[in-house]
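Listed here are the chains, written in short residue letters.
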Amino acid sequence: MDDPYHNNVNQQMTEGGEYTYTQDGRDGYPYQTDYPPQDEDAASDATEGADEDNQMYEGEYQGIPHPDEIKEARRAARMEARRKARLAAQQEEEEENLPEQYETIMEDCGHGRFQWMLFFVLGMALMADGVDGFVVGFVLPSAEKDMCISNADKGLLGLLVYVAMLVGALVWGGLCDKMGRRKCLIYVLSIDLVFSFLSCFAQGYGFFLFFRFCSGFGIGGSIPIVYTYFTEFLQMDKRGEHLSWLCMFWMLGGLYASFTAWGIIPHYGWGFAIGTEFQIHSWRLFIFVCLFPALAALIGVVFMPESPRFLLENARHDEAWMVLRRVHDTNWKAKGEPERVFTVTNIQTPKTQEDEFIEIQSETGTAFQRWTIRHVTMLQQVVKQEVNSHFIFLMCLSYHGLGVWFPDMIKYMQYEEYESKVRVFHRERVEHFHFNFSLVNQIHKEGEYIHDKFANIEIKSVKFEDSLFENCYFEDVRSTNTFFENCTIKNTVFYNTDLWHEKFKDCRMENTTFLHPKKGCHLNFKEENDIVIYMVSFLGSLAVLPGNIISALFMDKIGRIRIIGGSMLVSSACTFLLLLSFSQGAVICWQCLFYGVSVAAWNGLEVISVELYPSSKRGTAFGILNGICKFAAIIASFIFAAFIGITKIIPILLAFAALVCGGLVALKLPETREKILS
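Note that this is a predicted model, so its numbers are computed, not measured. (Residues numbered from 1 in each chain as written. Predicted model: local features only at pLDDT ≥ 70, side-chain atom pairs only at ≥ 80, totals over all residues. Heavy atoms only, no water.)

A. Representation of the overall build of the protein within the structure. A count of helices and strands for the protein gives 21 helices and 18 strands. Expressed as a percentage of its 678 residues, the buried residues of the protein come to 47%. The long-range fraction of contacts in the protein, counting pairs at least 24 apart against all pairs at least 6 apart in sequence, stands at 64%. Summed over all atoms, the accessible surface of the protein reaches about 33,600 Å², with 59% contributed by carbon and sulfur. (Helix = DSSP H or I, 4+ residues; strand = E, 2+ residues; numbered from the N terminus. Buried < 20%, exposed > 50% of the residue type's maximum accessible area, 1.4 Å probe, protein only. Contact = heavy atoms within 4.5 Å. Areas by Shrake-Rupley, 256 points an atom, 1.4 Å probe, with all protein chains shown as cover.)

B. Summary view of the side chain of Thr575. Mapped onto the elements, Thr575 comes out in helix H18 (residues 560–576). Those residues in contact with Thr575, other than ones at most four positions away along the chain, are Leu402, Phe594, Ile652, Ala655, Phe656 and Leu659.

C. View of a nonpolar patch on the surface. On the surface, Val194, Phe197, Leu198, Phe201, Leu285, Phe288, Phe292, Leu295, Ile299, Val302 and Phe303 cluster together into a nonpolar patch covering about 940 Å² of accessible area. Residue assignment for the nonpolar patch shows that the elements contributing at least two residues are helix H4 (181–199), helix H8 (282–289) and helix H9 (292–302). In terms of residue count, H9 provides more of the nonpolar patch than any other element does, 4 residues in total. Tracing the sequence through the fold places Val302 in helix H9. (Patch = residues over 30% accessible without salt bridge, like charges linked within 9 Å, V, L, I, M, F, W, Y side chains within 5 Å. Salt bridge = Lys/Arg side-chain N within 4 Å of Asp/Glu carboxyl O.)

D. Region of the structure containing helix H17 (residues 544–558). Taking 1.5 Å per residue as the helical rise, H17 with its 15 residues ought to reach 21 Å, and the 20 Å between its terminal C-alpha atoms agrees with that figure. If you look at H17, its biggest bend is around 30 degrees, right at Ala552. Among the residues making up H17, those that are buried are Val544, Gly547, Asn548, Ser551, Ala552 and Met555. Immediately downstream of H17, the backbone of Gly559 shows phi near 100 degrees, a positive value. (Expected span 1.5 Å × (residues − 1). Bend = angle between axes of the 7 residues up to and from the residue.)

E. View of helix H19 (residues 584–612). In this model H19 runs 41 Å from its N-terminal to its C-terminal C-alpha over 29 residues, within 8% of the 42 Å that 1.5 Å per residue would give. Within H19, the axis deviates most sharply at Ser598, by approximately 30 degrees. Of all 29 residues in H19, 24 are buried, a share of seventy percent or more.

F. Structural context of the packing of aromatic side chains. Here the structure, examined in full by the defined rule, presents 41 aromatic pairs. Arranged with centres 5.9 Å apart and planes meeting at 50 degrees, the rings of Trp172 and Phe217 form a pair that is tilted. Pair noted here: Trp172 is in helix H3 (residues 151–178) and Phe217 is in helix H5 (residues 205–219), with a separation of 45 residues, a long-range link. On the accessibility criterion, Trp172 (7% relative accessible area) is buried. Taking the relative accessible area as the measure of exposure, Phe217 reaches 24% and is therefore partly exposed. Among the aromatic residues, those joined into a cluster by ring pairs are Phe433, Phe435, Phe437, Tyr449, Phe454, Phe464, Phe469, Phe474, Phe484, Phe494, Phe504 and Phe514. A cation over an aromatic ring shows up here: Lys335 above the ring of Trp332, its NZ or CZ 4.6 Å from the ring centre. (Phe/Tyr/Trp six-rings, centres within 6.5 Å; stacked < 30°, edge-to-face > 60°. Lys NZ or Arg CZ within 6 Å of the ring centre and 35° of its normal.)

G. Quick peek at the sheet that holds strand E17 (residues 508–510). In spatial order, the strands read E6-E9-E11-E14-E17; together these 5 strands make up an open sheet with parallel pairing. The sheet is open, and its two edges are formed by strand E6 (429–431) and E17, each paired on a single side. Across the sheet, the mean angle from the axis of one strand to that of its neighbour is 5 degrees, orientation sign disregarded. Direction of pairing for E6 relative to strand E9 (residues 448–450): parallel, over a ladder of 3 bridges. (Pairing = 2+ DSSP bridges. Axes fitted to C-alpha atoms, helices over the stretch in contact; angles between N-to-C directions.)

H. Fine view of the pairing of strand E8 (residues 439–445). Sheet topology places strand E5 (residues 423–426) next to E8; 4 bridges connect them, and they run parallel. Its bridge partner lying in E8, Arg423 is registered against Gln442. In the sheet, E8 pairs with strand E10 (residues 453–465) via 6 bridges, with the strands oriented parallel. Opposite His444, over in E10, you have Phe464 as the bridge partner.

I. Spatial organisation of the pattern of salt bridges. Under the defined criterion, the tally for this structure stands at 14 salt bridges. Asp108 is the partner of Arg340 in a salt bridge, and the nearest nitrogen-oxygen pair spans 3.9 Å. With Arg340 in the loop between helix H11 (317–334) and helix H12 (353–362) and Asp108 in helix H1 (residues 67–109), this pair connects stretches of sequence that are 232 residues apart. On the basis of relative accessibility, which here comes to 33%, the residue Arg340 falls in the partly exposed class. Residue Arg309 pairs with Glu313 through a salt bridge whose shortest N-O separation is 3.7 Å. Taken together, the residues Arg309 and Glu313, both in helix H10 (residues 308–313) and 4 residues apart, mark about one turn of the helix. The exposure class assigned to Arg309 is buried, which follows from its relative accessible area of 2%. Beyond isolated ion pairs, a larger network of salt bridges with shared partners links Asp177, Arg181, Glu232 and Arg618.

Rendered as structure tokens:
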């Protein structure tokens, strides 16, 4: 039976969990009969101690907290725990939904004009990196003569450029996760442009070395940024194919460098000089022309937006929404559907607990300490992917090692062929003779030259041993790889020649005069710029084209792992067949085949590297992996170069073993073909 009185009573819960009862229309009417009788000492906590506001709490002097304070602290702790639990649950749900949400948005934006514009802009940046990889090798034969670079210094230049690229990959890969892909790419290209331009005019080897090091530090960060940047504008079913197409620009960089070097460097007369101290020769003009891809990329990147995925990871939701809308509208307008509306209204990206931990650990430190903590943490995560890092090391060891071995082996074969044709003259006596023809590839032992004249000639690869020059006259003589050892030179004049003290080893000079000597080193482009070297580099870069096309077409169809494993195993077979190469033509053919097959593994490596790691750490991880690659290249250059002229069996077997092991290790990599970017 309903109680009419209780029908007009409502129950209400207070904040502390107690119930009060009020009648409809009457505020705060207590229904006290529901409470048990209370003693006088059991007064309400809310009123305890409130009778006399000025009364002093007796435990205050002893430092004992007031009971009200204890209860308030416990209540606040319970509320904070409940709030964190709710946020954790909400964060977990958002983290599960964000990758799918972003993938859906990119599918809605479509693949069209915007991605192709970004493709060509980033492709030029990748091309600039490819060009820089060839610049030092092409200019060294000329620069070492122009700036008197010794063999030790020449090796130092190649080493420091690789070290600079290694450091650049580590630094810029991490910074692009912190500062943004677009901003860091602008910095990278600007540094490369400025210091490459300055290296064109550096007259001393020290300045040239410094400028090339700084240029390498800049361009070394381009690869991690470019692939990370482009990946975040691609939907899942387009990633493998279009990242593989992007790899072609590195090949185009090699073609561009080889072709321009072939067309510019041998034309020594294209340079100019200001006095005797400031000289600009053709190889410096070649460096200047090599700046064009980086300049084009820099101009293009200025007009491109930041990666929306990076913006979301940094809670810049409005900017990310504007970029995604721009992508959407650009693509659909180009497809003739301008009426399509971008319907996304809300995107949320939570901050991961790991990031919060890193911030807590580093919030009191300096900017460098925070950067260090982030990179150490990321390095630990990358090292956990042991299969991936081991595979990259093996791949780079064989690829870059053979990349050094091929041109050096061809040069050595040329040298052997040249040495086999050397002419030896023993105890010849020449008097009152005018040498008006060049001396090439000769050895003169215990000869006597009396009242002879050497004028307007070139002396190339000639050695005079234990010989006598008496009353001779040398005028306008150009020499290359020419030396006088243990010779006696009497009453002889050297006028306007480059025969200087470093050309004479343990020689006795008596009444010898040097007039207007050409001090220092001087370029002889006829010898130093053999077109075979440019042709080899050009053909090697061109051979990559078929492998690029095949890998791009099948990357999403058969998967990354099969592409990588198959490419490396076939490459190992090509390497083993190098043992049967006994001529320059055979080495060049196997080089082209090796590059054409192995490029598929490189493309798969680039694709899988950006797909394995989360967006907030993708640039850092890719930078570390690229740094491992550069480190392997440094080791390989020393190992493979050491065996040139000794044996070809050891470097070939080493490359073969590395490729086979790398191909087997690649089979343990996770397949990421249908993986949504985390």
